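# An overview of the molecular structure
One-letter residues, chain by chain:
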Amino acid sequence: MPGEDIENRGGRGGGTGEVKNRVNSRSYSASSSSYLIDDSETQWTSWLIPMFVVANVAVFLVAMYVNNCPKNNLGFQGKCVVRFLGRFSFQPIKENPLFGPSSETLEKLGALEWTRVVEKHQGWRLVTCIWLHAGVIHLVASMLSLVFIGIRLEQQFGFVRVGIIFLLSGFGGSIVSSLFIRNNISVGASGALFGLLGAMLSELLTNWTIYTNKAAALITLLIVIVINLGIGILPHVDNYAHIGGFLTGLLLGFVLLPRPQFGWLEQRNLRNSGVRIKNKYKPYQYALWVISLVLLIVGFTVALVMLFRGENGNDHCHWCHYVACVPTSRWNCDDN
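Helix and strand counts for the protein chain stand at 14 helices and 2 strands. In the protein chain, buried positions account for 51% of the 336 residues. Counting contacts in the protein chain only where the partners sit at least 6 residues apart, residues at least 24 apart contribute 73% of the total. Counting only carbon and sulfur atoms, one obtains 64% of the accessible surface of the protein chain, whose full area is about 15700 Å².

Take a look at the structure:
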């Protein structure tokens, strides 16, 4: 499944629980040429995104080492998978079909769990859960999406801005997920990845005038977003982290990714000639910057206060459960 990114929300009892699906990397790669702006533009060397990939792989190996299936598996769900790997062998398929560790191991290493975050004051789990993955399938799909989306953004905007968007979007997704889901644990970088996708959209909108093929670029990107958010309404898929990360990345894109107007640099060099210099940014870019920054500050403040006061987001939004799962004749959403 190279075109999907799956994130597990395992039940505390050891099952695979909820599975998150993230950015369709094939859809993005097919459309990435629509977002090229100017070949003469300085390109950054992408090193942060590859480092993120290495870090995620390393953390997964640590999780498998700690898991030690041959020693800790009690055999109720079957035998360890790929047993020749020794302590790196996977949990039984019935327990974790994504080929990874147990939910107990993930919880021990920093998975997101409401009780530990709120009642035991382990807020650091809102960040550590981003670096954990439920299995090999989950890890590979996540890293493919990260490479296809993140490298292009880092090349154009640098590691500082892309790193901020990735981390804050993952944090925002974790907060929203914790506000609405209390009975499962969560791991994975779906919020961070959707944040990068949201930043792509806001970057396109705030820099609208300097793009060619605007309509094609916008339509293609919207299709990718709708498809991936739409997958989130399937059962055992946590769409709250997707939406939280996407909205965070969207607002951060307006704040961090505006580009100067064409001609501003040239006119700046004519300062001594008496030629009036244009503003670096257009008025609507300034407006979007201010509005987005205010919404980010207010949103994070309100959400964190609600979370650590123990409030349930479903009490304030009685229809929001439909964004995470839509019941049909084929499945129900009781376990979401």
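Picking up where we left off.
So, on to the packing of aromatic side chains. In this structure the tally under the stated criterion is 9 aromatic pairs. Measuring from centroid to centroid gives 5.9 Å for Phe90 and Phe99, while their planes differ by 70°, and the two rings are edge-to-face. Looking at Phe99, the relative accessible area reads 28%, which means it is partly exposed. Between the aromatic rings of Phe171 and Phe300, the centroid separation amounts to 5.8 Å while the plane-to-plane angle is 15°, which identifies the pairing as stacked. In this pair, Phe171 is assigned in helix H8 (residues 159-180) and Phe300 in helix H13 (residues 283-308), connecting sequence segments 129 residues apart. An identical accessibility class is assigned to Phe171 and Phe300; each is buried. Ring pairing ties together the aromatic residues Phe52, Trp131 and Phe166, which thus form one cluster. Of note, Arg87 hangs over the ring of Tyr65, and the distance from its end group to the ring centre comes to 3.7 Å.

To continue, consider unusual backbone geometry. Located in the positive-phi region is Asn68, a residue other than glycine, with phi close to 45°. With a phi close to 55°, Val82 is a non-glycine residue in the positive phi region.

For the rest of this paragraph, the subject is the environment of Ser46. Residue placement: Ser46 occurs in the loop between helix H1 (25-31) and helix H2 (48-67). Along the backbone, Ser46 and Phe159 are 113 residues apart, and their C-alpha atoms lie at a distance of 7.2 Å. In contact with Ser46, other than residues within four places in its own chain, are Ile151, Glu154 and Gln155. A polar side-chain atom of Ser46 sits 2.8 Å from a polar atom in the side chain of Glu154.

Parameters at a glance
Residues numbered from 1 in each chain as written. Predicted model: local features only at pLDDT ≥ 70, side-chain atom pairs only at ≥ 80, totals over all residues. Heavy atoms only, no water. Helix = DSSP H or I, 4+ residues; strand = E, 2+ residues; numbered from the N terminus. Buried < 20%, exposed > 50% of the residue type's maximum accessible area, 1.4 Å probe, protein only. Contact = heavy atoms within 4.5 Å. Areas by Shrake-Rupley, 256 points an atom, 1.4 Å probe, with all protein chains shown as cover. Phe/Tyr/Trp six-rings, centres within 6.5 Å; stacked < 30°, edge-to-face > 60°. Lys NZ or Arg CZ within 6 Å of the ring centre and 35° of its normal. Polar contact = N/O pair within 3.5 Å; in protein donor to acceptor, adjacent residues only side chain to side chain.

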